[in-house]
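# Fold and contact review
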Amino acid sequence: MKQLTLKYKLIKRLPKQSRRWLSYTLVLLLPILSFLVLNQLYPLTINVSYSPVITASDGSVINAFLSSDDKWRMQLEAGEINPVLKKAVLLKEDRYFYFHPGINPVAIVRAAINNVTQSKTTSGASTITMQVARLLYPKERTYLNKLTEIFRALQLEYTYSKDEILQLYLNLVPFGGNIEGIKAASVLYFQQSPKQLSLAQAVTLTVIPNKPSSLRIGEQNARIVEFRNKWLNYYKQEQAFKEDAVEDALHEPLEATRLQAPKVAPHFAYRMFSKYKNQPIIKTTLNRQVQEKVEQLAYNYMQRLRYQNIHNAAVLVINNETKAVEAYLGSADFSDAAHGGQVDGVRALRSPGSTLKPFLYATAIDKGLVTPKTIISDVPIDYAGYRPQNYFGNYNGNVTIEHALATSLNVPAVKLLDQVGVYTFVKKLQQADFTDLKQNGDQLGLSLILGGCGVKLEELTALYAAFANQGKYSPIRWLQQDTTMAEKQVFSPASAYMINQTLTQLLRPDLPHNAQNSAHLPKIAWKTGTSYGRKDAWSIGYNKKFTVGVWVGNFSGEGVPELNGTDSATPLLFDIFNAIDYNSPNKWFSPPKTIANRAVCVENGQPGNSFCHDLVMDTFIPGISPVAKCSHLKKVAVSADEKYAYCTSCQPLSGITQKWYPNYAPEILTFYDSEHIPYQRIPGHNPNCSRIFQEFAPVITSPTAEMEYILEQEERQKLMLHCNAHNEVKQVHWYINDRFIKTAAANEKVFFEPQRAGKYKISCTDDQGRNTNSYITVQFL
């Protein structure tokens, strides 16, 4: 108390003028200090729940979801504020908005005088900032609450810039029902962005918040036009806008009505909504024009296929330059509940059929195993009981690698996978984030290459895009802000180019039957696939600009005899390319510097030897591709009458001649014999020669070694004996448990009936004395 008395005395001793200034300072500081204290005690909190909005690459809204409080309240961005709308709002609501501190003292005094003199409320004094405070903290209109509103308005001005406050106002202003904010109103009433509003539309949205319950678009349009024109005439009087623009706006009809929120790309929208929760605006890379074309094409196309009991399709379009998703179609008809239309086919795990083959061939090229003109055999083969077959059930003998890929032969693909190694190939696919292969890759076998695994359309399409990017794989970009490109070199530029050239060929069986004479075939590389049981039809294509993945089938998993990649999926693929990239520059992929050309023998695709007369140009990778010279012929010393052949051990000094014979692999000889294809046989070896060449011993192909066979004993089932023997072999001798069974021609099929259960030793000895043993187990039911 003594200290206060002392301070008071000290103040009293100050000069009169100084005391006056001190008083003025205290009067000025007291409200500021009071505000700062209250601001700490009652802090401003803004917790606005916005409707999640999905936008396309051009910023347009393609889909939206209700806010957590069931409102259509879409967050407006600064760049979306139409200058016309901004001027109209400021002139109508608060023309001094940028000059006052949140409250307008002149307006408050004027309103107070009018209200007192007329004994009723005739005008308000609310600034835009005060309206924002009221929208954030809605309360009954009383003088006490008005003071609270003023305090909150000052807090807003203290915390935010003027532009941020205006943006907040435009986000919260009511339009009746559950619509709040200029953006939601613009989208739901006019189906466009606020920045695209005309003067008439902008003024319409400016006047509705005054009476949102009685000025409902679609119900009171005539009254709204009357109210709108009143304000347009005011703006004309104020010369706020050009006179001719106002005149046009006065005559612009209002035919708008409340519409549903956009529902473009619903599967994509739900995916983005789930993935990026709590984001009011999800800016995606989707190209609205491309998306709408794809949706329309797929819907119309599936109307034709439904009569074949095929009901679902999925499409993904990737921009090869940016890796951005430009179109995403989860199903052709989202509303088709009877056929699972809400299933997202882009993410569904399905059997890929033959669509993995290009990746295998590229891997084999990079490992130096093959080149496009390398010969591989397409004949029946057995891998421990697994006997792959071609799509049409036929075999072609020796074919080139590029022919095997272009015609999608199954047997050569399995044979090549066996050479590459399942583990190596699985690791390659795991680099491209194939989900099922990451989880179950160690359980897969040779059937993998024919569809014996699960893949997603998005995984396949993204990896095919690597062929359009010199073998570099990049994850898909979903959002515009995803700018980091994490590339992986999964294939070399050389192998990617060779695959591109092969998949561009038009003389192939997966060209749709109705497309041979079409003048509208797009310039693309593509590959088809059909899963086992005809449950999935695929067609993935690409050019320099786009990669498009198409899947057609039934989400129920029901197979359809008519379903195949060629006629069920490829026509839609062609339609999409013609729609989104029609008449594009006919630029194609250029050969990389890492490849070269060489002449190879047409008989086996190896560099030509001295005896090779038919040569063809082939691409290869120097330092990687195989360099062994052609060996499709071998020189054999034979007797003058060509009855016997001699080796170096038994070759006589005279009476022989050197002759070239085809050097066929044993499985090719077996195939030729089974198909009755004539070929030149090497004469039998000198019977008096005692040397045995074990490396040419017959290979037992049936029964399969180390396999267990379960037989019906009462039906007296038999097992087949068969081998692949060398060209010079004429006869083979079969033994069961070292007991002679039969002598037969080299490729003849022999049958025997097991008499007991247990282990069996199968032996085959050719007419040169070379022997092979194999073991099986037999069980009886």
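For the structure, see preceding data.
Note that the structure is a prediction, hence the values are computed from the model and not measured. (Residues numbered from 1 in each chain as written. Predicted model: local features only at pLDDT ≥ 70, side-chain atom pairs only at ≥ 80, totals over all residues. Heavy atoms only, no water.)

## Regarding the overall build of the protein chain
Helix and strand counts for the protein chain come out as 22 helices and 28 strands. Counting across all 781 residues of the protein chain, residues that qualify as buried make up 52%. A separation of at least 24 residues holds for 67% of the contacts in the protein chain among residues at least 6 apart in sequence. Accessible area of the protein chain: about 38300 Å², with a carbon and sulfur share of 52%. (Helix = DSSP H or I, 4+ residues; strand = E, 2+ residues; numbered from the N terminus. Buried < 20%, exposed > 50% of the residue type's maximum accessible area, 1.4 Å probe, protein only. Contact = heavy atoms within 4.5 Å. Areas by Shrake-Rupley, 256 points an atom, 1.4 Å probe, with all protein chains shown as cover.)

## Here's the deal with the nonpolar core
Core analysis: the biggest nonpolar cluster contains 82 residues, and Phe268, Leu356, Phe359, Leu448 and Leu463 have the highest contact counts within it. At seven residues, helix α19 (residues 457-467) tops the list of elements feeding residues into this core. Those residues in contact with Leu463 that lie beyond four places of it in its chain are Phe359, Leu429, Ala432, Phe434, Tyr473, Val490 and Phe491. Val48, Leu90, Ala133 and Leu168 belong to the second largest nonpolar core, which has 60 residues in total. (Core = buried A, V, L, I, M, F, W, Y, C linked by side-chain atoms within 4.5 Å.)

## A few points about the environment of Phe574
Residue placement: Phe574 occurs in helix α21 (residues 565-580). Note: C-alpha distance between Phe574 and Trp526 (48 residues apart in sequence) is 9.8 Å. If we skip the residues at most four places from it in the chain, Phe574 touches Leu511, Pro512, Leu521, Pro522, Ile524 and Trp526.

## Focus on the packing of aromatic side chains
All told, the structure shown has 30 aromatic pairs when counted by the stated rule. Measuring from ring centre to ring centre gives 6.2 Å for Phe467 and Tyr542, while their planes differ by 25°; the resulting arrangement is stacked. Taken as a pair, Phe467 in helix α19 and Tyr542 in strand β13 (residues 536-542) lie far apart in primary sequence, 75 residues in all. Assessed through its relative accessible area of 1%, Phe467 is described here as buried. (Phe/Tyr/Trp six-rings, centres within 6.5 Å; stacked < 30°, edge-to-face > 60°.)

## Observations regarding the pattern of salt bridges
Inspection of every chain in the model, using the stated rule, returns 27 salt bridges. Between Asp433 and Lys488 there is a salt bridge, and its shortest N-O distance comes to 4.0 Å. Of this pair, Asp433 sits in the loop between α17 (422-430) and α18 (435-440) while Lys488 sits in strand β11 (residues 488-489), placing them 55 residues apart in sequence. Classification of Lys488 by relative accessible area gives partly exposed; the value is 32%. Here the salt bridges do not stand alone but share partners, grouping Asp69, Lys71, Arg73 and Glu180 into one network. (Salt bridge = Lys/Arg side-chain N within 4 Å of Asp/Glu carboxyl O.)

## What about the packing of helix α9 (residues 199-207) against helix α10 (residues 221-237)?
Their axes nearest at 9 Å, the elements α9 and α10 cross at an angle of 110°. Regarding the angle of α9 to α10, the classification is roughly perpendicular. Note on element contacts: α10 touches α9 through Ile224, Phe227, Arg228, Trp231, Leu232 and Tyr235, opposite Leu199, Ala200, Val203, Thr204, Thr206 and Val207. Looking at the contact of α9 with α10 residue by residue, the classes come out as nine nonpolar, two polar and one charged. (Axes fitted to C-alpha atoms, helices over the stretch in contact; angles between N-to-C directions. Parallel < 35°, antiparallel > 145°, perpendicular 65-115°, else oblique. Nonpolar A, V, L, I, M, F, W, Y, C, P; charged D, E, K, R; others polar.)

## Considering helix α12 (residues 266-275)
Taken together, the buried positions of α12 are Pro266, His267, Phe268, Ala269, Arg271 and Met272. For α12, the elements touching its buried residues are β1 (53-55), β2 (61-64), β5 (281-283), α13 (288-305), β7 (325-329) and α19.

## Notes on unusual backbone geometry
Between Ser702 and Pro703 the backbone carries a cis peptide bond, its omega angle lying at 0°. Mapped onto the elements, Pro703 comes out in the loop between β21 (699-702) and β22 (708-711). Phi is positive for Arg534, close to 55°, though the residue is something other than glycine.

## Notes on the sheet that holds strand β24 (residues 731-736)
Pairing is mixed across the open sheet formed by five strands, whose spatial order is β22-β28-β27-β24-β25. Looking along the sheet, the strands with just one partner apiece sit at the ends: β22 and β25 (739-745). Across the sheet, the axes of successive neighbouring strands diverge by a mean angle of 30°, strand direction being ignored. One ladder, built from five bridges, connects β24 with strand β27 (residues 758-766); its direction is antiparallel. Paired with His733 across the strands is Thr765, a residue of β27. (Pairing = 2+ DSSP bridges.)

## With respect to the packing of helix α5 (residues 128-136) against helix α6 (residues 143-159)
Running from N to C, α5 and α6 point in directions that differ by 110°, and their axes come no closer than 8 Å. In terms of their interaxial angle, α5 and α6 are classed as roughly perpendicular. Residue-level inspection shows Thr129, Met130, Val132, Ala133, Arg134 and Leu136 of α5 in contact with α6, the latter providing Lys146, Glu149, Ile150, Arg152, Ala153, Leu156 and Glu157. Here the contact of α5 with α6 is composed, by residue class, of seven nonpolar, one polar and five charged.

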